[in-house]
Structure formats: structure tokens, C-alpha cells
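Listed below, chain by chain, are the residues.
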Amino acid sequence: MEYAVEFNNVWKSFRRGERAMLLRDAIPLMLNRLKHHRSFKEESTFWALKDVSFKVKKGEVLGIIGQNGAGKTTALTLLAGIMKPNKGQVITRGKVSCLIIAGAGFHPQFTGRENIYLNGAVIGMSKSEITRKFDSIVEFAGYGLPDYKKFIDTPVKRYSAGMFVRLGFAVAAHVDPDILLVDEIIAVGDAAFQQRCFNYMDSLKKSNATIIMVSHSMPNIINYCDRAILLKEGAIVAEGERHKVVDILENEISKNMNWFSVENVPTSKPRGEAVLKNVKFNNATHTKDGLCFNFAQQIEVSFNYDCMDYSLSDTTFSVVVYRKRDGCRCFTVFSHFSGHFPSKREGCVQLVIKDHNLLPDNYVIDLEISSIKGSAPLAVYRERSVLIKPADNIYLNAQLYGLYQPGNISWHLS
Amino acid sequence: MARGRRNKINFLLDALKEIYAYRELLFTLSTRSIKVHYKQTFFGIAWAIFTPLSTMLIFTFINKAKIINVDTGSIPYPIFAYCGLLPWMFFVGSLNSATTSLVDYGHLINKIYFPREILPVSAILSKLIDFFIASAVLIGLMGFYHVKLHIAIVTVPIILLIQLILTAGLSFFLSMGHLFYRDVGYIVQGVMPLLMFITSVIYPIKVKSPQLQGLLTAVNPMIPIIDSYRDAILLGKWPNPANIAIPICLCFSLLIIGLMWFHKVEHLFAENI
């Protein structure tokens, strides 16, 4: 089996702190080191990559994830050949192109047209190749208006920041590499432009190119990668199936985000004028981490209520779903919206939520009895940990991430 | 031993092959820096003539006014001075811009791989265009002073090639040095104007002691190079092989050692810039 990319026990160190740029500063430093018999390496190096090994097959899409400073970009620069490892071996087979080069070599005084040729030459395209792809580059950049020629012959210093970056990406996306390195592509451009970037990656994938992608956007990793690697402080801590690797990182992140505990999820203190009890999530699996649902599985809840002396016509039941990690309120549903009011002082509510569109994540679900007129709820029950399990073979659109809808709700009051 | 030497030759060939593979980038960068240089200027590329011409006029005035007294033999002083200033200005200009080239293009070095040798070489190539443009004045002066052309003028391209080899060799060392220690840039800027006075630019270097003359010629290859230009263009003499043999060897070894060293450490550039 021929691998497109091989990382064999790669070590890479950087100097810590500012290096002496003038001889005046460098000579005393050297003398000092001689006097104290300390080598330069001991005092000021840190290892950005420690004994990292992985292999990528031809045609595979690998995601590299990790928190800031984990060594992701260092790995990419080594792959791009910009730097060499201190120890170990980096092997790439085929033409490497890198999407971090967007706009590299652009000169503000030159027109868009001149810069396309310049940037193309810098990233290894021939002049005839650029001429052939010129129209397509301009279209990719999103200047596809009838009067785009006005822009293309204007010095790029008069471009907006977005136009500038888009043009850089457009040129970079017209190289036909065997290995493509992508560093956080999602940060630029509008949805349409991002879609073009992903279409480009799709077409490369179809032509059996190898793609290595660094991203902080987990949906992108899950959507586009075959496999993922999790880096932490310069070492691989997890490797393999994308969902599992992404999960490990997300758990770690949410563990560290302790400034936002569930206790802080907003809710007002119940007035205690009603009672809500015997809450059952009928179809949930109970795990040690809380309740567990499969992705897209309907949620069935039942509970008993006692309205005590409160006016029945003013009483409503509601469900509120919060995303646990950031307290985002996904949706709220009231029973009175669909004309359901309690007919008795005491009774049972059965509730089924279908098509809720909750993405794999951790949630908090509040059940409330409250007054239609508003103010604080009469009674609240909080389910602190509801987990929607990640699913295989389900296409999660990045744009949908965070867009929730209550979907199909049925109430049954008795 | 033989194996080691063979590897070194391969190493050098690889470096040259890589530069050739990126020739399109080399030319694009060279033309780019010329365009950048003269964009938004009123006189444009005519500025290439300004420095050698104005320097020549000043020294002609100084010579005419007898502040200095230069014996140039049968050659009229203006054309003597211009014929020295032209290659000298090219030498200084290309060394200055080649020295800072790696740092100037740091944003490229940090982002993308290409043979870094391209940067100092393209700095030299763009100054070569200036050199050709300023040569027009020399041709004008030759017409004005009725300089007779001799067949020896065919050696001019060879002399130019030797000068280019010298410049490139030095540029590799200086640009690397400047990348690691910015002092190098200041040293080049400070030393080059002084060096003009021990080179036969505005007056011939004629020392009484032949040993000293030989030493000067050997350590400063620009003396025989400029002398050879004058011999070939103005005097119609073939360059003296005994004079230029040592400088040629020096230039070639500078280039080869410079290129090999450069190729060996270029992977350190990105993190040290």
C-alpha cells in the first residue's frame, strides 16, 4: 500500500522567546552560555511536535483537530515543506498545495489580474495554465458580475478585505494538487463562497487527491473527513474514527469550560404554586452520564401535575431545551399554543417531541408549569443531562448547526 | 571519499534543477520588483539612468575643476567614469537588494515552499534590467566621443557573466547572514560606498608595488572585472588572462560554496526570519 503522506516519529522544536536579531545582543548571550556551560537548546526550546507518527492513504481525507497550540499548524507547515523536522521523517508523494497560501505574494499596487498571475507563479502554476483558468478563477472569487472587469483591472489595494482574500483563495483553488492542505477554510467568505470551497474539495476528493484538513469546526471535520487525529501539546492522543475523535475533544473542551455550568443556565425561581412530579423519559436509555437518545429519535416524556389552587384557564405546560455547553436556548414549546389546557386540578401529561432537529450534543431539558400571563413558573423540573448520541451516515450540514426547531409536538393531557 | 564528493555534486545539481523548475516564478518575481519600483513614479524606468549619470557628472566636474586629478590616458574622463560606474552601480544595487530579499519576502517564506535561492537571484535579475537601460547612456557617450569598436567587445558578455557569478555568490552569503542577523544589511550599506574608493571605478587603481597590486586585484575581483570592461569597450584590448584567472576562480568557488550552504540551511529560514 502506497501512502500519500507519512509522518514517521516526527519531532519539531521552536525557540521560546525572542531570538537575538542583532550581533550586539547575540554575542553577550553566547558568552553567557559559555560561562554557565548551558546549551542553547536546554534553556529555550519547546517541542511543538513530539514523536508524531501517522500515515494517510492516497485519496483519504484526514482531519487534524486539537486546541490552540496543539501543533496542528506546525504539522501542516512540515507537510508543505516550509520547515524540516528536528528528528524523524516527513514524506509526501505528489504535488502539495496548501490553502493557507491564500493571497501569498499579492502586491497591493498591482491589479487583480496581475496579482492572479503573480500568485499563480508563486504557488507553482505556469503562465499558460493560469491563462486557461483565468475566467474560472475570477468566477470562483465571486466577481462573476457582468462588470467584473472593472474590479479585475483595479489595484488590489482598493479591494475590500473580503474581495482580497477571496481572490487569493480562488487562485489557490485552481491548482490541481495530489495532496491538499487546508487550514481553517471556513473563516472567510459568505455561505456561497464557502460552498464553492467545499465543492472544490469534493471534486479533488473525487479525483482521488489526498486532503489534510485542520479545523476548529467539528461539523466540518465530521462531514468531510474519513478519519481524524487529535493532537494535544504536540502528541497524538486519539486517532481513528472521526466521531470518536471529535467526541474526545469536545468532552475535553466542555470539561474546561467550567465557567458555564448547568447551574447557570437561565431560569427563574418557581413560585411553588403547583407541583410537577413523577417525570419519566419513557424511551431514553439511562447511562451514568444521564439520559441518552439516538440521533433523530423522538423524545417521550410523561409527568404528573397538581395545580393546587391556581386558575386552570391560566395554566400552561412548557418544555425548554438548552444546549448544555453554552446555555443556548434551542427551543421552547407551550401547551396552550396548540390549545391544550389542563381540565383537572391533578392529572398526567404525556408529551412526544418528533423531528426536533437536535444535533448530537449534551442538553438540559426543563419541564415547567407556568402562567399564560407570564411571570415566574409555578413549578419546574430540570433534567440536567440529556445526551443525543452521534450518528453514522447522517449528513450534518454545517450551516444547520445551531439552528433548532421544535418540530412535531403532540400533547396528551389527562 | 569519492562517494562523498559525488553526493556533493548531486546536491548542487539538485539545487540548480529545482531553480530551473521554478524559472517562471523567478521571472515573475523579477519583473514584479521592477514594476513595483517604477510604479507611481513620473519618470518611470528613466530613474535607472539617474544614479550612474549624476555620479558621473559630479566626478567629471570635480576632475575638471582639478579638485582631483585623474590620469585616464587616452580615454575622455566622462566615458572612463561612466564605464566604471555602470557595472559598479549594478554590483552595489544588486547586492543591496539581494541582501534584504529573503527578509523582504518573509511573508512568502513563511507560507509556501519554493527554492529560496529564487529570491536573491530575482533581486539581481531585476537590477540587471536597470543595468541594460543605463547602458544606453554609455552607447550614447561612445558615439559622442567617437570610440572605435574593436572585436574584443565580444568579451563583454563573458565579463558580465563573471560579474553575475560573483554577485550571486556573495548574495547567497549576505542574504542568509541578513536573515539571521540584521547587522549584515547595515554592514553592506555602510561598506559598499567605501569599497568604491579601492576599486577602479572613478579612477584607475595603480599601485607601485606589483605584489600589493596583485593582492588588491585578487581580493577585490571587481578591480579586474571593471578593468576588463574598459579594456574591451574603450581600449579595444583583450582582457589579460593572468589578471583575471584568480578572480574567476574566486567567483566560481564563492558561487558553489554559497549555493551549497544556502541549500543546506534554507529549511531554517521560515522559523528564524
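Residues numbered from 1 in each chain as written. Chains lettered and ligands numbered in written order. Predicted model: local features only at pLDDT ≥ 70, side-chain atom pairs only at ≥ 80, totals over all residues. Heavy atoms only, no water.

Below, the discussion takes up the overall build of chain B. Counting its secondary structure elements, chain B contains 12 helices and zero strands. Taken from the N to the C terminus, the helices and strands of chain B come in the order α-α-α-α-α-α-α-α-α-α-α-α. Against the globule reference of 19 Å for 273 residues, chain B gives a C-alpha radius of gyration of 20 Å, in line with a compact fold. Per-residue burial for chain B yields a buried fraction of 49% across its 273 residues. (Helix = DSSP H or I, 4+ residues; strand = E, 2+ residues; numbered from the N terminus. Rg over C-alpha atoms; globule rule 2.2 N^0.38 Å. Buried < 20%, exposed > 50% of the residue type's maximum accessible area, 1.4 Å probe, protein only.)

Now for the overall build of chain A. Along its length, chain A carries 10 helices and 19 strands. Taken across its 414 residues, chain A has 49% of its residues classed as buried. Once local pairs closer than 6 in sequence are excluded, the contacts in chain A between residues at least 24 apart make up 76%. Of the roughly 19,800 Å² of accessible surface on chain A, 52% is carried by carbon and sulfur atoms. (Contact = heavy atoms within 4.5 Å. Areas by Shrake-Rupley, 256 points an atom, 1.4 Å probe, with all protein chains shown as cover.)

Another aspect to go through is the packing of aromatic side chains. All names here are of chain A. Taken as a whole, this structure holds 19 aromatic pairs over all chains when the rule is applied. Here the aromatic rings of tryptophan 11 and tryptophan 47 are separated by 5.5 Å at their centres, their planes lie at 85°, and the arrangement is edge-to-face. With tryptophan 11 in strand β1 (residues 3-15) and tryptophan 47 in strand β2 (residues 45-57), the pair connects residues that are 36 residues apart, well separated along the chain. The partly exposed category is assigned to tryptophan 47, whose relative accessible area is 32%. (Phe/Tyr/Trp six-rings, centres within 6.5 Å; stacked < 30°, edge-to-face > 60°.)

Before going further, it helps to examine the UniProt feature "transmembrane region" (unreviewed entry) in chain B. All names here are of chain B. Under the UniProt annotation, "transmembrane region" (unreviewed entry) lies at residues 41-59, 79-103, 124-145, 151-174, 186-205 and 244-262. A helix fraction of 95% and a strand fraction of 0% characterise residues 124-145, whose end C-alpha atoms lie 31 Å from each other. Span residues 186-205 is 50% helix and 0% strand, its end C-alpha atoms 27 Å apart. (UniProt positions renumbered as here; feature names shortened; annotations may be inferred.)

On to helix α3 (residues 72-80) of chain A, then. Owing to its 3.6 residues per turn, the α-helix brings residues three or four apart onto one side. Residue and element names in this part refer to chain A. Burial analysis of α3 places eight of its nine residues in the buried class, which makes it a mostly covered element. Within α3 the residues assigned to the buried category are Lys72, Thr74, Ala75, Leu76, Thr77, Leu78, Leu79 and Ala80. Following α3 by one or two positions, glycine 81 has its phi on the positive side, about 85°.

The next point concerns empty space enclosed by the protein. Residues and elements named next belong to chain A. Considering all chains together, one arrives at one cavity of 30 Å³ or more under this definition. Each pocket or cavity is described by its volume, and for the largest cavity that value is around 30 Å³. In terms of lining, the largest cavity is formed by Val61, Met201, Asp202, Lys205, Ile211 and Tyr224. The biggest single contributor to the lining of the largest cavity is helix α8 (residues 191-206), with three residues. (1 Å grid on protein atoms, 1.4 Å probe; cavity = no way out; pocket = protein on both sides within 12 Å on 5 of 7 lines; lining within 4 Å. Points joined across faces, edges and corners; volume = space filled by probe spheres on them.)

Turning our attention to the side chain of B:Ser30. Here B:Ser30 lies in helix α2 (residues 23-38). Apart from residues lying up to four places away in sequence, B:Ser30 is in contact with B:Ser122, B:Leu125 and B:Ser126.

Right, let's talk about the interface of chain A and chain B for a bit. Listed per partner, the contact involves 34 residues of chain A and 26 residues of chain B. In this assembly, chain A packs against chain B so that about 2,700 Å² is buried in total across both faces, 59% of it on carbon and sulfur atoms. For the salt bridge of A:Lys12 with B:Glu271, the shortest nitrogen-to-oxygen distance reads 2.7 Å. Counting across the interface, chain A meets chain B through two residue pairs in polar contact (both at pLDDT 80 or more). Counting only elements with at least two residues in the side of chain A that touches chain B, the list comes to β1, α1 (23-36) and α4 (112-122) of chain A. The biggest single contributor to the side of chain A that touches chain B is α4(A), with five residues. (Buried area = accessible area lost by both parts, 1.4 Å probe. Salt bridge = Lys/Arg side-chain N within 4 Å of Asp/Glu carboxyl O. Polar contact = N/O pair within 3.5 Å; in protein donor to acceptor, adjacent residues only side chain to side chain.)

UniProt feature "domain: ABC transmembrane type-2" (unreviewed entry): in the numbering of this structure it lies at residues 43-265 of chain B. Between the end C-alpha atoms of residues 43-265 of chain B the distance is 41 Å, and the span holds 74% helix and 0% strand.

Before going further, it helps to examine the environment of B:Gly214. Residue and element names in this part refer to chain B. Looking at the secondary structure, you find glycine 214 in helix α9 (residues 210-219). Residue classification places glycine 214 among the partly exposed positions, given a relative accessible area of 36%. Residues glycine 214 and leucine 255, spaced 41 residues apart in sequence, show a C-alpha to C-alpha distance of 22 Å.

Residues and elements named next belong to chain A. In this structure the tally under the stated criterion is 12 salt bridges over all chains. Its salt-bridge partner being glutamate 2, residue arginine 93 comes within 3.9 Å of it at the nearest N-O pair. Taken as a pair, arginine 93 in the loop between β4 (87-92) and β5 (96-98) and glutamate 2 in the segment before β1 lie far apart in primary sequence, 91 residues in all. Across the pair aspartate 153 and arginine 113 runs a salt bridge whose closest N-O atoms are separated by 2.9 Å.

Looking now at the sheet that holds strand β16 (residues 346-354) of chain A. Residues and elements named next belong to chain A. Spatial strand order, β10-β13-β16-β19: four strands in an open sheet with antiparallel pairing. Pairing within the sheet leaves two strands with one partner each, and these edge strands are β10 (275-281) and β19 (408-413). On average, each strand axis in the sheet is inclined to that of its neighbour by 20°, with strand direction left out of account. Relative to β16, strand β13 (residues 299-306) is paired through eight bridges, and the arrangement is antiparallel. When the sheet's bridge partners are listed, asparagine 304 is paired in β16 with cysteine 348. (Pairing = 2+ DSSP bridges. Axes fitted to C-alpha atoms, helices over the stretch in contact; angles between N-to-C directions.)

This paragraph deals with the packing of helix α7 (residues 156-180) of chain B against helix α10 (residues 222-235) of chain B. Residues and elements named next belong to chain B. Across the interface, α7 lies against α10 with an axial gap of 10 Å and an inter-helix angle of 165°. By the criterion of interaxial angle, the relationship of α7 to α10 is roughly antiparallel. In this structure, α7 crosses over α10, and the sense of that crossing is left-handed. For the pair α7 and α10, contact is made by Val156, Ile159, Leu160, Ile162, Gln163 and Leu166 and by Met222, Ile225, Ser228, Tyr229, Ala232 and Ile233, respectively. Looking at the contact of α7 with α10 residue by residue, the classes come out as 10 nonpolar, two polar and no charged. (Parallel < 35°, antiparallel > 145°, perpendicular 65-115°, else oblique. Left-handed = near helix turned anticlockwise from the far one by under 90°. Nonpolar A, V, L, I, M, F, W, Y, C, P; charged D, E, K, R; others polar.)

Turning to the nonpolar core, a few remarks are in order. Ranked by size, the top nonpolar core spans 99 residues in total, and within it A:Phe7, A:Phe54, A:Ile116, A:Ile212 and B:Phe269 carry the most contacts. Membership of the second largest hydrophobic core comes to 51 residues, among which are B:Ile75, B:Phe80, B:Ala81 and B:Ile226. (Core = buried A, V, L, I, M, F, W, Y, C linked by side-chain atoms within 4.5 Å.)

For the rest of this paragraph, the subject is the pairing of strand β8 (residues 227-232) of chain A. Note on strand geometry: in a regular strand, side chains alternate between the two faces of the sheet. Residues and elements named next belong to chain A. Within β8, five of the six residues are buried, leaving the element largely enclosed by the surrounding structure. Here four bridges tie strand β3 (residues 61-65) to β8, and the two strands are oriented parallel to one another. In the strand pairing of β8, glycine 63 is matched with alanine 228. Inspection of the sheet shows β8 paired to strand β9 (residues 235-241) by six bridges, in the antiparallel sense. Bridging across to β9, alanine 228 finds its partner in glycine 240. Adjacent in sequence and paired antiparallel, β8 and β9 are bridged by two residues, among which glutamate 233 carries a positive phi angle near 45°.

It is worth spelling out the sheet that holds strand β12 (residues 290-293) of chain A at this point. Residue and element names in this part refer to chain A. Taken in spatial order, the six strands of this open sheet run β11-β12-β18-β17-β14-β15, and their pairing is mixed. Every other strand in the sheet has two partners, leaving β11 (285-287) and β15 (329-334) as the edge strands with one partner each. The mean inter-strand angle of the sheet, taken between neighbouring strand axes irrespective of direction, is 30°. Inspection of the sheet shows β11 paired to β12 by three bridges, in the antiparallel sense. Its bridge partner lying in β12, threonine 285 is registered against cysteine 292.

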